[in-house]
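Remarks on the overall topology
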Amino acid sequence: MNVLEVECLSKKFENTEVIKDVSFSVKEGETLVILGPSGSGKSTLLRCINNLERVDGGNIIINKKEMIKEYKNNKPIYNNKEILNQINLDTGMVFQDFNLFPHLSVKENITISLINVFKMSKEEADKKANEVLKKMDLKEKENCYPCDLSGGQKQRVSIARVLAINPKIICMDEPTSALDPELVGEVLKTIKALAKEKRTMIIVTHEIKFAEEVADRVIFMDGGIIVEEGKPEEVIKKPKKQRTKEFLKRYINLEDNSMKELDIEENKPREVISFFKEISDIPRESGNEKKIRDYLVKFAKERSLEYYTDNNFNVIIRKPASSGYENEEILGFQSHTDMICEKIESSMHDFSKDPIKLYQDGDFILANGTTLGADNGIGVAYMLAILDSDKIKGPELECIFTTQEETTMIGAKEIDGKQIKCKKIISLDNGKQGKMVISSANCLEWFGEIEIDKTNLPDDENFVKYELVYSNFLGGHSGGNIGDIKRGNPIKLGIEVISKIDEMYIESLEGGSRVNVIPRNFRISFYAKENDYEKMKEKINKQIRFFGEDGKIELNKFYTQIDKANKIENCYENSTKRKFEKIEVFSKFTTRKVINFVNRFVNGPVEYDENNNVILSANMGAVKMLENAVRFEYSLRSNDIILRNLYLENLKEIEKTNNINITWEQELKGIEPNYNSSLVEKCAKIYKEIFNVDIEVKISQGVLEGGFFNDKIKGLEYICIGADTYDVHSPKERVSIKSIGEVWDYIKQIISIK
Amino acid sequence: MSFEQIVNIAKILFSGIGVSLQIFVLTFILSIPLGIIVAILRNSKNKIISLLMKFYILLIRGTPIMLQIIVVYFCPYYMFGISYDRFAAIIISFVINYAAYFSEIFRSGINSIPEGQKEAAYTLGFNKVQTFFLIILPQVVKIILPSMSNEVISLLKTTSLAQIIGVTEMFSLAQKQASYNFSIIPLILAGGYYLILVFFVSILFNKFEKKLEYYS
């Protein structure tokens, strides 16, 4: 039975037609979702159904009662009050901005209509209110007032209010649009539960993913007409009309025709891709690797392969040598099982339990609005394919699956070295085919503190307060991006400017975020006797700077007046806020130490090798104000221990002269590049044979998991290769199928050639 | 002037407070409903009614209350030869005057309630009267309270104009005493009484405001 019928409805606002001849119906128990861009007439349609707007043409029939009796001179004549009232009570409306009654408690918001409209007794009304509040999980909030509730709770109260009057059809006008993103979920969950109960509902929303889950039918509206109508899997997954596609494309990057679900049968190498699909079904967020560990253990057991696993969910699986290879050296492979979990805002993907569905766009495999996990799932898939295959002939193989590479590296750090037999390890964690990384940086990290000695600002009315702010620099990772001088270090730049000012007192400073991140911002406030803003500004403009497009430098001058008691009145130009405070600043000695240390700290790429790879780099990652000290967080990465030690000697000297107090220090051991290792030579030769080009041998300032094996395995030889992946760690992450195939051939050759 | 004399004058003035308060309370009670009605009619979609109300508000706010009192009392006499109770005339003219001021305050309050409140009430089945009294008015009260307290305090002091048509209230007694004794002290005493009365009215309003602070 149709609860609602809309017949040829049209509605004008002044001369614009916002709804043009729209007809549709809603069956009892059906959930209809209306999608469409802003201004497409969706909300107006709901308002017409609720008689909050008068229509200009057509009719609305709710529960067999017509809203409009007849037309006279093309003007609608509405039915009498009694019928309109009945229609009104048959429809309920949930508003975008809740429209709860602020002067009434949560419970009264619900009972007021029951008592006054439905003429229930107070007891009956209370009972009903309790019932719906319980259902909305808001029982304990019944005596609160709307102003005490979160947005999500408010919307649930407004849903409860509508449920209490039990209308035949509930309209919801963008019920989550006014909510903070983190509150959207609870409301959507509530609505989903109502849909399951077979409530008749019309929902206008922008949450596409939610629409797909909750709708029995979807209508897509644009420009006041229904463009497309059908089941959600049709309209959302396979829209026919161009307008629908364009709209949906903004929310999910899926609806492109070129993109389809990945078909394993159609793509080669099937053995690798099918394993990748299998592990993509297993949630494996960094730090949550138990399930993938269990899968790997099961995999080994099924194939009667020798395996080892530990408390960090690391797994090692061994495969015996093929006949004829018994005397060859054991060969190791290594990948990490965890992945970075990032998603686009509208994605409802739950990384802790949802499988990642694989899609194909041309040569690329990608996920729908989430990271793909090709970093390093493709490596894991290679190792599984190697272990699974009985066609590949080769020596005894050892596949090491590590965990938490993306976060703490604890898997590689704590794996038991005695369990690893091989001395040659090929890591499959490289995102570029045609490049082979043969080193892992040695990384030293420090927190160094300079004690703050405070004094009062000298009693001199010529002092002016300035604030120098660097913001939105490019930043980046201190391993991967340090070679790029465009990224400029705002801490260094800022201190450099400051140091050129005579008679200056620092009040406070801070910048950067973490020791292994190139800082993106820096702020320092100080007092100087220079009153001329332009002259000050000139000192900054003289700097040669590289800081990307968004990098911004601001100098703010405060107007100051100092009275006899050495109190100072500060205010920004144009600001009306005035306050008195006694000014405490760094003593001259402290100021000098801070400036001296930062200025003498050699930052950025320090040394290069003959191929222009950075082999020594330092990063002043952050400067923070503690209670009694300024803390500097800095790191040093190197691929050459001699150069490093030279730098270190110099650094220790600087630290000493400036009374830097080291509070924390950590060393991550690296792997020094060895161009002449037999593994590097063999793999480079095979690559040349297959692809007829030289593989590029790279030195990296990044810390690879192999760095942790160095201590555990004497005489370790380590390289890192892999298939082409793009935009890793972002929802755009994708991997090239062609490259997967080529690298697969390469790996097979490496194993088989003696 | 001796202390005894002052006490005596204070007693005389005190006897006038009753009339002042009567005017105040009656005007207050009668002008509020009238103000609400005017505010609603002023918002009416019927252009004639709305225009009429606009004119009424303009007329009342545009002329001195003293003139209004005189007109209300003497007009019937000059036009029809009817004379009536002076006190009644004061109440009528005060109610007409304050209803105009109150109506504008109510109107601003009503208009500041979001349209969504009415829409929500409508979809829940309330009729217009229920919507107004159960949803709109309670919220309006909170909003207009500060400006109402202003207007009410001014009303309390304006009661002194009742003497224009010979209604004896506190301030007229004070004036008489002042000229009788050649002294300003009776007027200062009267000022003291007004101050005390206003003080209590302010306290009442503050209490009421506090009471409505349970929501925001």
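What you see is a predicted model; the values in this text were computed from it and never measured.

Here we look at the overall build of chain A
Secondary structure summary: chain A contains 20 helices and 38 strands in total. Sequence-distant contacts in chain A: of pairs separated by 6 or more residues, those separated by 24 or more amount to 72%.

Description of the overall build of chain B
A tally of regular secondary structure across chain B gives eight helices and zero strands. Shown N-terminal to C-terminal, the secondary structure of chain B runs as helices and strands in the order α-α-α-α-α-α-α-α. Taking all 216 residues of chain B together, the buried fraction comes to 29%. Counting contacts in chain B only where the partners sit at least 6 residues apart, residues at least 24 apart contribute 75% of the total.

Brief notes about the packing of helix H3 (residues 106–116) of chain A against helix H5 (residues 151–164) of chain A
Residues and elements named next belong to chain A. Close contact between H3 and H5 brings their axes to 9 Å; oriented N to C, the two are set at 25 degrees. Taken as axis vectors, H3 and H5 run roughly parallel relative to one another. The interaxial crossing formed by H3 with H5 has right-handed handedness. The residues of H5 that touch H3, namely those facing Val-106, Asn-109, Ile-110 and Leu-114, are Val-157, Ala-160, Arg-161 and Ala-164. The class makeup of the residues in the contact of H3 with H5 is six nonpolar, one polar and one charged.

Topic: the interface of chain B and chain A
The interface of chain B with chain A comprises 17 residues on the first partner and 20 residues on the second. Elements that contribute at least two residues to the side of chain B that touches chain A include exactly helix H5 (115–123) and helix H6 (128–158) of chain B. Considering each element in turn, the side of chain B that touches chain A owes the most residues, six residues, to H5 of chain B. Looking at the side of chain B that touches chain A residue by residue, the class counts come to nine nonpolar, seven polar and one charged.

Considering the sheet that holds strand E4 (residues 57–62) of chain A
Strand order in the open sheet formed by four strands is E2-E1-E4-E5 (chain A), with antiparallel pairing between adjacent strands. The two strands at the open ends of the sheet, each matched to only one other strand, are strand E2 (16–27) and strand E5 (65–66) of chain A.

Points about unusual backbone geometry
Residues and elements named next belong to chain A. Pro-269 follows Lys-268 through a cis peptide bond whose omega is 0 degrees. Following the sequence through the fold, Pro-269 ends up in the loop between strand E13 (259–261) and helix H10 (270–280). Cis geometry is found at the peptide bond from Asp-375 to Asn-376, where omega equals 10 degrees. Inspection of the secondary structure assignment puts Asn-376 in helix H12 (residues 374–388). Despite not being glycine, Met-409 has its phi angle at roughly 60 degrees, a positive value. Within the fold, Met-409 resides in the loop between strand E19 (397–402) and helix H13 (410–414).

Here we look at the nonpolar core
Residues and elements named next belong to chain A. With 117 residues, the main nonpolar core has Ala-381, Tyr-382, Cys-399 and Ile-719 as its most contacted residues. Residue contributions to this core peak at 10 residues, all from H12. Three or more residues apiece are contributed to this core by two domains, here domain 2 (264–440 + 695–752) and domain 3 (444–668). Core analysis: the second largest hydrophobic core is formed by 79 residues, Val-94, Met-136, Val-157 and Leu-248 among them.

Observations regarding helix H2 (residues 81–90) of chain A
All buried positions along H2 of chain A are accounted for by Ile-87, Asn-88 and Leu-89 of chain A. Against E4, E5 and strand E8 (91–94) of chain A together with H5 of chain B lie the buried residues of H2 of chain A.

Things to note about the sheet that holds strand E10 (residues 201–204) of chain A
Residues and elements named next belong to chain A. The mixed open sheet is built from six strands, whose spatial order is E8-E9-E10-E3-E11-E12. Here the strands that pair on one side only, and so sit at the sheet edges, are E8 and strand E12 (225–230). For this sheet, the mean inter-axis angle between neighbouring strands, taken without regard to orientation, is 20 degrees. As judged from the four bridges shared by strand E3 (residues 31–35) and strand E11 (residues 217–222), these two strands associate in the parallel manner. Within E11, the residue paired with Leu-35 across the bridge is Phe-220.

Details of the pairing of strand E15 (residues 315–319) of chain A
Residues and elements named next belong to chain A. The element E15 is largely enclosed, with a buried count of four among its five residues. Once strand E14 (residues 306–309) ends, the chain turns through five residues before running back antiparallel as E15, passing Phe-313 with a positive phi of about 70 degrees. Two strands pair when backbone bridges link them, and E15 and E19 are joined in this way by five bridges, in the antiparallel orientation. Within E19, the position partnered with Lys-319 by the bridge is Leu-397.

Points about the pairing of E8 of chain A
All names here are of chain A. Side-chain alternation along E8 places Thr-91 and Met-93 on one buried face and Gly-92 and Val-94 on a second face that is also buried. As judged from the four bridges shared by E8 and strand E9 (residues 169–173), these two strands associate in the parallel manner. Each bridged residue has a counterpart across the sheet, and for Val-94 the counterpart in E9 is Met-172.

Remarks on H12 of chain A
Given a rise of 1.5 Å per residue, 15 residues ought to cover 21 Å, and the 20 Å separating the end C-alpha atoms of H12 of chain A matches this to within 8%. The element H12 of chain A is largely enclosed, with a buried count of 14 among its 15 residues.

A short note on the environment of Ala-321 of chain A
Residues and elements named next belong to chain A. Within the secondary structure layout, Ala-321 lies in the loop between E15 and strand E16 (331–336). Given 16 C-beta atoms within 10 Å, Ala-321 falls into the partly exposed group. Measuring from C-alpha to C-alpha, the distance between Ala-321 and Leu-397 comes to 7.0 Å, with 76 residues separating the pair along the chain. Those residues in contact with Ala-321 that sit more than four places away from it in its chain are Glu-326, Glu-328, Pro-395 and Glu-396.

Here we look at the packing of helix H1 (residues 3–42) of chain B against helix H8 (residues 185–211) of chain B
Residue and element names in this part refer to chain B. Remark: H1 packs on H8, axes separated minimally by 10 Å, with the N-to-C direction vectors making an angle of 50 degrees. For the element pair H1 / H8, the angle class is oblique. As H1 runs across H8, the sense of the crossing is right-handed. Where H1 approaches H8, its residues Ile-6, Ile-9, Ala-10, Leu-13 and Ile-17 are matched on the opposing element by Ile-185, Pro-186, Leu-189, Ala-190 and Tyr-193. When grouped by side-chain class, the residues that make up the contact of H1 with H8 number 10 nonpolar, no polar and no charged.

What about the confidence of the model for chain A?
Residues of chain A with pLDDT of at least 70 account for 94%, and the chain-wide mean is 86. Low pLDDT, under 50, characterises residues 562–580 of chain A; the stretch is placed with 28 contacts to residues that sit more than four places away or in other chains.

Reading guide: rules and limits
Residues numbered from 1 in each chain as written. Chains lettered and ligands numbered in written order. Predicted model: local features only at pLDDT ≥ 70, side-chain atom pairs only at ≥ 80, totals over all residues. Helix = DSSP H or I, 4+ residues; strand = E, 2+ residues; numbered from the N terminus. Contact = placed C-beta atoms within 7 Å. Buried ≥ 20, exposed ≤ 12 C-beta atoms within 10 Å, placed from the backbone. Axes fitted to C-alpha atoms, helices over the stretch in contact; angles between N-to-C directions. Parallel < 35°, antiparallel > 145°, perpendicular 65-115°, else oblique. Left-handed = near helix turned anticlockwise from the far one by under 90°. Nonpolar A, V, L, I, M, F, W, Y, C, P; charged D, E, K, R; others polar. Pairing = 2+ DSSP bridges. Core = buried A, V, L, I, M, F, W, Y, C linked by C-beta atoms within 7 Å. Domains from an automatic or database assignment. Expected span 1.5 Å × (residues − 1). pLDDT = per-residue confidence, 0-100.

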